[in-house]
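# Geometric and topological summary
Given next are the chains, with one letter for each unit.
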Amino acid sequence: MSKAGGVSIIKRNVLLLIIIFAAVVIAALNSCGDNEPSDEELLADAKKTAFKHCGSCHEPPDASVLDSATWDKHILPAMGAKLGMRPFMDQYIAGPGAELSLADWTKIVVYYRYASPKKLKIPKPDALLDSAIFSVKRPANVDTTSGEAMTTMIKFNDVDKHFYTGDAGNKLYRWSSDLTATLVKKFHSPITDATFYQSATEPNSAVVTCIGILPPNDQLKGTLTHINLDKKSKDTTLMADSLPRPVKSAAADFNKDGLMDYISCGFGRDRGGLFLLQQQTNHTFKRKIIRAVPGPEIVCTGDFNGDGWPDIACLFAQADEGIWLFLNDKKGGFTTQNIIRFPSVYGSSSFQLMDVNHDGKLDIVYTCGDNNDYSPIFKPYHGVYIFTNQGNWKFIQTYFYHINGCSKAIAADFDKDGDLDLAVIAFFPDYKYHPTEGFTYHEQVSPGKFEVHEVPVNLLGRWISMEAGDIDGDGDTDLVLGNFSVGAQGLMNQKDYKPNWDMYEPIIVLQNKTIKK
């Protein structure tokens, strides 16, 4: 094509764009008769269009949840690409496979550009800086020759009373009470979860989840593997492969045939799903899809409707964020019920179903703070929440504490006073100005009221995982924090900050020093 021809095409495209925008404006004016619509009316119409289209896939986010620059430079281009809209000279044109009209897309752009704030207001911290009820215990020996610590999993084994860790080097370790690590086995890919169990024939075994490829991807490389932890040879059996980046698993006998089945969270990236791996009489596993969307992140099982059959609760991140129940239909399938939903920019990161207020109903402890996607800015709604069950799986928010980049919360009676407290980590805290928010302890001092302690362990690691258990065997609940120390390879949203935490210690233990009450 000649240069002149290329310029001619550009001119035609610009003219086409002008005509389309003029048509959009004329249509907006005509819709209001002879009266010129106000800015508020135009934005209200644009919001209606945005919520209509965005709400067809996920909870539509209000424009106020992000600043205008983030919408304009990051979210809208990413959203537009998925819908077949191509950026062109600070505007957009519709591609051949566009999923909506350019007029509607223009309204969406107008709403998020002009109804959003210039800057988000971040809450100021309100916490005590102290060690609370914890003292720090560090590993006996640390290998500084094998690269940086990249702990990907911590799990406490109630069978043998040890905790286990997995890392990005594909290794599974068992830890002794003096914090000495013993290599159990090297797997084919990084370990993200382990489910421990015992039976008459297997006194100490585990099902290990391996993610396949750690960074976000859609490749089918993940596995579930059985391992006998008591055998010196550490015999393993592959239970399932070709899973889309699995991150968590859970177990139950869903069809009551006496054989344990498993649920796998295939997080994926653009594709993924929640899978049932149903054990057959020959001890192979048949795979069924429960929900075919990416982002299943945390899963738990229980009899949630009281009918005597095991059900599933799962937190989904990615676009359609929220918690879903999958109730056992007793016929080999499940009925789906959404119990809470979050806007698509929240970055959901963990949840627990716990009876926080001791009223006999399961409440939700929830965190959001995944902050390494299209909007890596500090957000006022990142932090830890409690949603209290009002009955019939209806919830109201009864607690929120802001924590930048919040990653996980564990509810337990840490101080042994009869109520539940919270331990919370953040993988994307404000490292420059507020690094001690990376671990906080929320002590429940009266029903629904918490006193927050920032425990200054920020120089000892970057916490991506956390587990609770009686690590030292003294009758109270301790914590293990896992260090994923990498900070300079795309996992920092404060680009001018140089990491200053320990790069080699894979874990630390926060020993509970509560005086028994």
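Residues numbered from 1 in each chain as written. Predicted model: local features only at pLDDT ≥ 70, side-chain atom pairs only at ≥ 80, totals over all residues. Heavy atoms only, no water.

If you check an unreviewed UniProt entry, the protein chain appears there as Repeat domain-containing protein from Mucilaginibacter gossypii.

Here, the word disulfide means a covalent bond between the sulfur atoms of two cysteines. Taken as a whole and judged by the stated rule, the model has 0 disulfides. Free of any disulfide, Cys 54 has its nearest neighbouring cysteine sulfur in Cys 57, separated by 8.1 Å. For Cys 54, a relative accessible area of 7% puts it in the buried group. In this structure Cys 406 is not part of a disulfide, and its nearest cysteine sulfur, from Cys 368, lies 7.2 Å away. Given the relative accessible area of 1%, Cys 406 is considered buried. (Disulfide = S-S within 2.5 Å. Buried < 20%, exposed > 50% of the residue type's maximum accessible area, 1.4 Å probe, protein only.)

Right, let's talk about the sheet that holds strand β26 (residues 421–426) for a bit. One open sheet holds the 5 strands; their spatial order is β3-β28-β27-β26-β25, and the pairing between them is mixed. Edge positions in the sheet fall to β3 (128–129) and β25 (406–412), since each has one partner strand and no second. (Pairing = 2+ DSSP bridges. Helix = DSSP H or I, 4+ residues; strand = E, 2+ residues; numbered from the N terminus.)

Another aspect to go through is the domain arrangement of the protein chain. You can read the domains of the protein chain as domain 1 (38–119) and domain 2 (128–512). Spacing between the C-alpha centres of domain 1 and domain 2 amounts to 34 Å. The interface is formed by 12 residues belonging to domain 1 together with 13 residues belonging to domain 2. On the domain 1 side of the contact with domain 2, His 58, Glu 59 and Val 65 bury the most area, a combined 42% of that side's loss. Applying the counting criterion to the domain 1 and domain 2 interface returns 1 salt bridge. Between Lys 82 and Asp 270 there is a salt bridge; the shortest N-O distance is 3.4 Å. Summed over the shared surface of domain 1 and domain 2, the number is 2 residue pairs in polar contact (both at pLDDT 80 or more). Here the residues of the side of domain 1 that touches domain 2 sort into 6 nonpolar, 3 polar and 3 charged. (Domains from an automatic or database assignment. Contact = heavy atoms within 4.5 Å. Buried area = accessible area lost by both parts, 1.4 Å probe. Salt bridge = Lys/Arg side-chain N within 4 Å of Asp/Glu carboxyl O. Polar contact = N/O pair within 3.5 Å; in protein donor to acceptor, adjacent residues only side chain to side chain. Nonpolar A, V, L, I, M, F, W, Y, C, P; charged D, E, K, R; others polar.)

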